[in-house]
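# An overview of the molecular structure
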Amino acid sequence: MTLALRINGADREIASDPETPLIHVLRDELKLKGAKLGCGLEQCGACAVLVDGEVTLSCATPAAVFAGREITTIEALGDTPEGARVQEAFVAASAAQCGYCTPGLVVAVTALLQRDPAPSREAAMAALTPHLCRCGSHPRVLRAVEIAAGQGQGQQ
Ligand code: FES
Ligand code: FES
């Protein structure tokens, strides 16, 4: 029996074993390479995608668990007003260094702005906390949140 998943607005037939963690289906079978495999242990946030609009880690949960849900990867985030604004704000704030954590952070910030268009600093920090960044980019990501929310001009 094949697995059907709804990904970025399209129904996809999945050939991988349904027990395969979602990130491997996305990256290896569907060639959606935006979400990154970091720890593989739901500890770093690099693999985050949206599932029914909620930030969801994709590295350890079998793909079959996501049947019937709406999966959105970073490849489609720019199709939403918030996602497009967030990506522009990351560029404006130079909010990436090596970039490995960046897709997960963009997913997290987009979800934040979709549920709270004018987040407090505390809410922004809470949204970023599950996303580790070895390069120390969180201060710039916080500036990107302000820019995307229209709360600041992004000055250094
Ligand atoms: S790769 Fe999924 S949380 Fe680290
Ligand atoms: S920009 Fe390098 S890990 Fe975050």
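Rules behind the numbers
- Residues numbered from 1 in each chain as written.
- Chains lettered and ligands numbered in written order.
- Predicted model: local features only at pLDDT ≥ 70, side-chain atom pairs only at ≥ 80, totals over all residues.
- Helix = DSSP H or I, 4+ residues; strand = E, 2+ residues; numbered from the N terminus.
- Rg over C-alpha atoms; globule rule 2.2 N^0.38 Å.
- Buried ≥ 20, exposed ≤ 12 C-beta atoms within 10 Å, placed from the backbone.
- Pairing = 2+ DSSP bridges.
- Domains from an automatic or database assignment.
- Contact = placed C-beta atoms within 7 Å.
- Axes fitted to C-alpha atoms, helices over the stretch in contact; angles between N-to-C directions.
- Parallel < 35°, antiparallel > 145°, perpendicular 65-115°, else oblique.
- Left-handed = near helix turned anticlockwise from the far one by under 90°.
- Nonpolar A, V, L, I, M, F, W, Y, C, P; charged D, E, K, R; others polar.

### Brief notes about the overall build of the protein
Scanning the protein for helices and strands turns up 6 helices and 5 strands. Beginning at the N terminus, the succession of helices and strands in the protein can be written as β-β-α-β-β-β-α-α-α-α-α. Relative to the globule expectation of 15 Å for 156 residues, the C-alpha radius of gyration of the protein, 15 Å, shows essentially globular dimensions. Dimensions along the principal axes, computed over C-alpha positions, put the protein at roughly 55 × 30 × 25 Å. Here the protein, with 156 residues, has 42% of them falling under the buried criterion.

### Topic: the pairing of strand β4 (residues 54–57)
Both strand β3 (residues 48–51) and β4 contribute to a ladder of 4 bridges, which runs antiparallel. By the bridge assignment, Val49 is partnered in β4 with Thr56. The antiparallel hairpin formed by β3 and β4 contains 2 residues in its connecting segment, where Asp52 sits at a positive phi of about 50 degrees.

### Let's talk about the domain arrangement of the protein
You'll often see interface size given as the accessible area lost when the parts meet. The domain boundaries assigned to the protein delineate domain 1 (3–73) and domain 2 (78–148). Here the C-alpha centroids of domain 1 and domain 2 sit 20 Å apart. Taken together, the 14 residues of domain 1 in the interface contact 11 residues of domain 2. Contributions of two or more residues to the side of domain 1 that touches domain 2 are made by β3 and β4.

### Quick notes on the sheet that holds strand β1 (residues 3–7)
Taking strand neighbours across the sheet as the criterion, the 5 strands line up as β2-β1-β5-β3-β4 in an open arrangement whose pairing is mixed. Only two strands of the sheet have a single partner each, and these edge strands are β2 (10–14) and β4. Averaged over neighbouring strand pairs, the angle between their axes works out to 45 degrees when direction is ignored. Relative to the sheet, helix α4 (residues 102–115) contacts β3 and β4, its axis offset from that of β3 by approximately 35 degrees.

### Details of helix α6 (residues 138–148)
Taken together, the buried positions of α6 are occupied by Arg140, Val141, Arg143, Ala144, Val145, Ile147 and Ala148. Buried residues in α6 make contact with α3 (81–92), α4 and α5 (121–128). With its phi angle positive at about 70 degrees, Gly150 sits one or two positions after the end of α6.

### A word on the packing of α4 against α5
At a minimum axis distance of 9 Å, the contact between α4 and α5 shows a crossing angle of 140 degrees. Taken together, the axes of α4 and α5 lie oblique to each other. In this structure, the crossing between α4 and α5 has a hand that is right-handed. Between α4 and α5, the residues in contact are Leu105, Ala108, Val109 and Leu112 and Ala123, Ala124, Ala127 and Leu128, respectively. When the residues that make up the contact of α4 with α5 are grouped by side-chain class, the tally is 8 nonpolar, no polar and no charged.

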